[in-house]
Amino acid sequence: MTPVAGRGGAAPRSVDVARLAGVSQKTVSRVMNDEPYVSEDVRRRVLAAAGELGYRSNNAARALASGRTRSIGVVTLGTALYGPASLLMGVERAVRDTGYALRVVNTMEGEAAGIAGAVDSLLDQGVDGIVISEPIDEEGGAELPARVDVPVLVLGAPPPFAASHVVTGGIVSGQMARAATEHLLELGHTTVHHLAGPQRWYSARDRLDGWRAALAAHGRAEPPVVEGDWSAASGYAAGWELLADPAVTAVFAANDDMAIGLIRALTEAGRGVPEDVSVVGFDDTPVAAYVTPPLTTVRQPFDAMAQDGLKLLVHAIENPGSDPLPMIDPPVELVVRASSAAPR
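Residues numbered from 1 in each chain as written. Predicted model: local features only at pLDDT ≥ 70, side-chain atom pairs only at ≥ 80, totals over all residues. Heavy atoms only, no water.

*Asks:* When you look at the overall build of the chain in this model, what are you seeing that I'm missing?
*Replies:* Of the regular secondary structure elements, the chain holds 11 helices and 11 strands. For the chain, the proportion of its 344 residues judged to be buried stands at 48%. Considering only contacts in the chain between residues 6 or more positions apart, those separated by 24 or more positions represent 70%. Split by element, the accessible area of the chain, about 16,100 Å² in all, is 53% carbon and sulfur. (Helix = DSSP H or I, 4+ residues; strand = E, 2+ residues; numbered from the N terminus. Buried < 20%, exposed > 50% of the residue type's maximum accessible area, 1.4 Å probe, protein only. Contact = heavy atoms within 4.5 Å. Areas by Shrake-Rupley, 256 points an atom, 1.4 Å probe, with all protein chains shown as cover.)

*Asks:* How should helix α3 (residues 40-53) be read in this particular structure?
*Replies:* Because an α-helix completes one turn every 3.6 residues, residues spaced three or four positions apart along the sequence face the same direction. Here α3 is 14 residues long and its end C-alpha atoms lie 20 Å apart, about the 20 Å a rise of 1.5 Å per residue gives. Among the residues of α3, Val42, Arg43, Val46, Ala49, Ala50 and Leu53 are the ones counted as buried. Down the axis of α3, the buried side of the element spans an arc of 135°, and every buried residue falls inside it. Residues of α3 that are buried sit in contact with α1 (14-21) and α2 (25-32). Looking at the residues trailing α3, positive phi occurs at Gly54, about 75°. (Expected span 1.5 Å × (residues − 1). Arc of directions from axis to C-beta.)

*Asks:* Teacher, can you tell me more about the sheet that holds strand β7 (residues 226-227) here?
*Replies:* Strand pairing in a sheet relies on backbone hydrogen bonds. The paired strands run either parallel or antiparallel. Taken in spatial order, the six strands of this open sheet run β7-β6-β8-β9-β10-β11, and their pairing is mixed. Each edge of the sheet is formed by a strand with only one pairing partner; in this case those strands are β7 and β11 (333-335). One ladder, built from two bridges, connects strand β6 (residues 193-196) with β7; its direction is parallel. Of the residues in β7, the one forming a bridge with Ala196 is Glu227. (Pairing = 2+ DSSP bridges.)

*Asks:* Help me understand the pattern of salt bridges in this model?
*Replies:* Two side chains of opposite charge can pair, provided their charged atoms sit close to one another. What the rule picks out here adds up to 13 salt bridges. Two residues, Arg13 and Asp16, come together in a salt bridge whose shortest N-O distance is 4.0 Å. What makes Arg13 partly exposed here is its relative accessible area of 38%. Residues joined in a network through salt bridges with shared partners are Asp284, Arg299, Glu333 and Arg337. (Salt bridge = Lys/Arg side-chain N within 4 Å of Asp/Glu carboxyl O.)

*Asks:* How do you make sense of the pairing of strand β5 (residues 166-169) when you look at a structure like this?
*Replies:* Along any regular strand, the residues point their side chains to alternate faces of the sheet. Of the two faces of β5, only one is covered, namely that formed by Val167 and Gly169; the face formed by Val166 and Thr168 stays uncovered. In this structure, strand β4 (residues 152-155) lies alongside β5, joined through four bridges in parallel fashion. Within the sheet, the bridge partner assigned to Leu153 lies in β5 and is Val167.

*Asks:* Whenever I open this one, the packing of aromatic side chains confuses me. Can you help?
*Replies:* The geometry of an aromatic ring pair is captured by two quantities: the separation of the ring centres and the angle between the planes. Summed over all chains, the structure comprises four aromatic pairs. Taking the centre distance of 5.6 Å and the plane angle of 80° together, the rings of Trp201 and Trp230 count as edge-to-face. Residue Trp201 is found in the loop between β6 and α8 (202-217), and its partner Trp230 is found in the loop between β7 and α9 (232-242); the two are separated by 29 residues along the sequence. Accessibility classification places Trp201 together with Trp230 in one group, the buried group. (Phe/Tyr/Trp six-rings, centres within 6.5 Å; stacked < 30°, edge-to-face > 60°.)

*Asks:* What should I look at first to understand the sheet that holds strand β2 (residues 101-107) in this one?
*Replies:* On the basis of which strands lie adjacent, the open sheet formed by five strands has the order β2-β1-β3-β4-β5 and parallel pairing. In this open sheet, the two edge strands, each paired with only one partner strand, are β2 and β5. Here the strands of the sheet are splayed against their neighbours by 20° on average, with no regard to which way each runs. (Axes fitted to C-alpha atoms, helices over the stretch in contact; angles between N-to-C directions.)

*Asks:* Please clarify how the nonpolar core should be interpreted in this entry.
*Replies:* Proteins that are soluble and globular tend to have nonpolar side chains buried together. Counting residues in hydrophobic clusters, the biggest one holds 35 residues, and the most contacted among them are Ile72, Val131, Val192, Phe252 and Leu310. Residue assignment for this core shows that the elements contributing at least two residues are β1 (71-77), α5 (82-98), β4, α7 (173-186), α8, β8 (250-253), β9 (278-283) and α11 (302-318). Examining the composition of this core, we find that eight residues originate from one element, α11, more than from any other. Leaving out residues up to four positions away in the same chain, Leu310 has contacts with Ile72, Val91, Ala94, Val95, Thr98, Val131 and Leu153. Counting residues in hydrophobic clusters, the runner-up holds 25 residues, among them Leu77, Trp201, Trp230 and Val251. (Core = buried A, V, L, I, M, F, W, Y, C linked by side-chain atoms within 4.5 Å.)

*Asks:* Looking at this structure, how should I read the pairing of strand β10 (residues 296-299)?
*Replies:* Inspection of the sheet shows β9 paired to β10 by four bridges, in the parallel sense. Bridged to Val280 within β10 is Thr296.

*Asks:* Hey, could you run me through unusual backbone geometry in this one?
*Replies:* For residues other than glycine, phi is negative in most cases, and the peptide bonds are mostly trans. That bond from Val273 to Pro274 is cis: its omega, 10°, falls within 30 degrees of zero. Among the structural elements, Pro274 can be located in the loop between α10 (256-268) and β9. A cis geometry characterises the amide bond from Thr292 onward to Pro293, with omega recorded as -5°. Along the polypeptide, Pro293 turns up in the loop between β9 and β10. The backbone of Trp230 sits at a positive phi, close to 85°, despite the residue not being glycine. When its relative accessible area of 5% is taken as the criterion, Trp230 is described as buried.

*Asks:* So what exactly am I meant to see when it comes to α11 here?
*Replies:* Look at α11: 24 Å from first C-alpha to last across 17 residues, which is about the 24 Å you get at 1.5 Å a residue. In terms of burial, α11 is largely enclosed, as 12 of its 17 residues are buried. Looking at the buried positions of α11, the neighbouring elements they touch are β1, α5, β3 (129-133), β4, β5 and β9.

*Asks:* Please explain the environment of Pro135 as it appears in this structure.
*Replies:* Note that Pro135 resides in the loop between β3 and β4. Residue classification places Pro135 among the buried residues on the basis of a relative accessible area of 14%. Remark: the alpha-carbon pair of Pro135 and Ala204, spanning 69 residues in sequence, is separated by 9.1 Å. Among residues more than four places away in sequence, those in contact with Pro135 are Leu77, Arg200, Trp201 and Tyr202.

Below, the structure written as structure tokens:
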């Protein structure tokens with residue numbers, strides 16, 4: 001639809017929307033600010049009129065009046081890895097649904113003071129809240145700015161820091177790893193080996209802890225851990241290392257890419273999956289259902305984690321001084337396919 005210009009060919013204004021919708025200018029303001037006490041019929045008429053005219057609310061003027069920019073900043077690792085990239089996409093979708101603008105600052109692995117610099121940059125831009133989705137320990141344990149005066153949502157477990165209001169969400173990696181390990185134990189495997197992710201990553205450590213907790217709860221022996229770097233190539237190399245132990249019958253890999261590389265090594269060595277060795281991955285990447293054999297894995301609920309976390313953050317932004325909303329743990333979803341079975 002082609003936007004309709006306002007009076008005299010100028011950009012449409014709220015008064016033009018009010019005239020077309022047959023409501024007051026104050027009602028238009030209430031709808032655009034998503035305020036309560038507006039009927040659904042009136043809200044639909046105003047939004048339809050705004051769409052027809054091509055009207056956009058003046059966020060700059062609103063920021064001057066309220067002291068808020070209606071924007072949320074995100075600090076995330078600059079990487080194409082499936083997990084962090086998918087979580088960022090979930091956050092982007094969730095932020096759009098809140099009506100806030102999004103500002104993203106990427107950090108690089110190994111960058112000194114990466115999180116601190118990113119947070120400083122976002123505070124300089126006047127964001128109303130910050131999401132920290134940072135999966136890696138920084139070199140030297142750099143601290144964040146001493147004073148962060150906006151609410152902060154932490155997705156994961158970065159180092160503690162001072163902020164006016166900190167909420168956490170999405171910390172379920174350990175529970176998911178435990179579910180994956182218990183699936184293999186319940187199939188009858190005596191124990192489960194673990195192909196871990198790089199231990200600088202919080203999520204890799206959480207998955208290692210979840211695997212250990214499952215073995216301990218079932219009174220099973222804890223085999224030596226093999227560590228990869230998230231890549232299929234490292235999973236392939238780990239597969240040959242694990243093949244040195246003929247007692248290996250089940251492996252939980254900390255992500256799907258490493259699990260796929262591991263299966264390739266086992267297959268080349270003549271060890272059938274799952275006939276000789278069962279393999280379970282983590283993430284449920286799009287390719288997991290189409291490898292041979294299709295991969296049993298645990299699905300990360302990226303969108304649910306982002307949406308639930310943003311609800312907490314927006315509540316903290318818009319209701320300063322109020323009690324935080326209760327945190328909702330995302331569900332743990334095990335996707336059972338053909339790569340796991342009972343041992344021979």
